[in-house]
Amino acid sequence: QKEVEQDPGPLSVPEGAIVSLNCTYSNSAFQYFMWYRQYSRKGPELLMYTYSSGNKEDGRFTAQVDKSSKYISLFIRDSQPSDSATYLCAMTPGNTPLVFGKGTRLSVIA
Amino acid sequence: KAGVTQTPRYLIKTRGQQVTLSCSPISGHRSVSWYQQTPGQGLQFLFEYFSETQRNKGNFPGRFSGRQFSNSRSEMNVSTLELGDSALYLCASSGGTPLGYTFGSGTRLTVV
């Protein structure tokens, strides 16, 4: 079992839809949870992060962490074609390198 | 401020050759990490350098090596290239927190 599991998709949604992206993990030591967005031919860029459990909202984006279920989510409201990218979850206990999911490719169709 | 710069952007090499990739971190960042990204395995951690010392190492064969210079610039080297080494190699610099990773655009290596 990989430490971090993420459905690779691809996921295709119409413009304006609510998108839900998810990751599960097995290492209970993970404390920092991040979502990165990667456009084609670019490196990943940090989108949102959460420390420990709970929710965090930033504009159209909401990140949720459920440590009891070892499950994290990213919700995108009112999705736009410019949101089309690969979304990667990443996590770490804090003192070791980031462990990434494989990424979910999202296409938002106008 | 300038981001993380990786050179070259694209490389084509033949099996058995060696290759050196370069990464210039954000000014002031002392930690540099390298990742390999492939469609099948996603991002896999190669190694991390901090103040010229390797701090962490991933599960890659010894053909993969790296170093960091006193100005924090880093290089990674792959010797005796194999077809399976074809990947996007990403470098990330950090000022010291897990939340501070900034990635470069990567070097696309193709081994033929």
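Residues numbered from 1 in each chain as written. Chains lettered and ligands numbered in written order. Predicted model: local features only at pLDDT ≥ 70, side-chain atom pairs only at ≥ 80, totals over all residues. Heavy atoms only, no water.

> Whenever I open this one, the overall build of chain B confuses me. Can you help?
Along the backbone of chain B there are zero helices and eleven strands. Along chain B, helices (α) and strands (β) appear in the sequence β-β-β-β-β-β-β-β-β-β-β when read from the amino end. Scaling as 2.2 N^0.38, a compact globule of 112 residues should have a C-alpha radius of gyration of about 13 Å, and chain B matches this with 13 Å. Every one of the 112 residues in chain B was classed for burial, and the buried ones make up 48%. Long-range contacts, defined here as pairs at least 24 residues apart, represent 52% of the contacts in chain B between residues at least 6 apart. Just so you have it, chain B exposes about 5,200 Å², and 48% of that area is on carbon and sulfur atoms. (Helix = DSSP H or I, 4+ residues; strand = E, 2+ residues; numbered from the N terminus. Rg over C-alpha atoms; globule rule 2.2 N^0.38 Å. Buried < 20%, exposed > 50% of the residue type's maximum accessible area, 1.4 Å probe, protein only. Contact = heavy atoms within 4.5 Å. Areas by Shrake-Rupley, 256 points an atom, 1.4 Å probe, with all protein chains shown as cover.)

> Which parts of the structure should I look at to understand the pairing of strand E5 (residues 42-50) of chain B?
The two faces of a sheet get side chains in turn, since along a regular strand they alternate between them. Residue and element names in this part refer to chain B. Of all nine residues in E5, seven are buried, a share of seventy percent or more. In terms of strand pairing, strand E4 (residues 31-38) meets E5 through eight bridges, oriented antiparallel. Across the sheet, the residue bridging to Gln37 is Leu43, located in E5. Hairpin connection from E4 to E5: three residues lie between these consecutive antiparallel strands. Relative to strand E6 (residues 53-57), E5 runs antiparallel, the two sharing four bridges. For Phe47, the partnering residue across the bridge sits in E6 and is Lys57. Once E5 ends, the chain turns through two residues before running back antiparallel as E6, passing Ser51 with a positive phi of about 50°. (Pairing = 2+ DSSP bridges.)

> How do you make sense of the sheet that holds strand E3 (residues 19-24) of chain B when you look at a structure like this?
The strands that make up a sheet are held in pairs by hydrogen bonds between backbone atoms, and each pair lies either parallel or antiparallel. All names here are of chain B. Read from one edge of the open sheet, four strands run E1-E3-E8-E7, paired in antiparallel fashion. With partners counted over all chains shown, the strands left at the sheet margins are strand E1 (5-7) and strand E7 (64-68), one partner each. Neighbour-to-neighbour, the strand axes of this sheet turn through a mean angle of 15°, independent of strand direction. With five bridges joining them, E7 and strand E8 (residues 74-78) adopt antiparallel strand pairing. Note that in E8 the partner of Arg67 across the bridge is Glu75. (Axes fitted to C-alpha atoms, helices over the stretch in contact; angles between N-to-C directions.)

> Mind showing me how you'd approach the sheet that holds strand E3 (residues 19-25) of chain A here?
Residues and elements named next belong to chain A. An order of E1-E3-E8-E7-E6 is seen for the five strands of this open sheet, with the pairing classed as antiparallel. Lying at the two open borders of the sheet, with one neighbouring strand each, are strand E1 (4-6) and strand E6 (54-58). Averaged over all neighbouring strand pairs, the angle between strand axes comes to 15°, with direction disregarded. Of the strand pairs in this sheet, E6 and strand E7 (residues 61-66) are connected by five bridges, and their pairing is antiparallel. Each residue of the ladder has a partner; that of Asp58, found in E7, is Phe61.

> How do you make sense of the interface of chain B and chain A when you look at a structure like this?
Each partner contributes residues to the interface: chain B has 18 residues there, and chain A has 18 residues. In total, chain B and chain A occlude about 1,500 Å² of area from one another, counting both sides; carbon and sulfur atoms represent 60% of this. Counting across the chain B and chain A interface gives zero salt bridges. Remark: the boundary between chain B and chain A carries four residue pairs in polar contact (both at pLDDT 80 or more). (Buried area = accessible area lost by both parts, 1.4 Å probe. Salt bridge = Lys/Arg side-chain N within 4 Å of Asp/Glu carboxyl O. Polar contact = N/O pair within 3.5 Å; in protein donor to acceptor, adjacent residues only side chain to side chain.)

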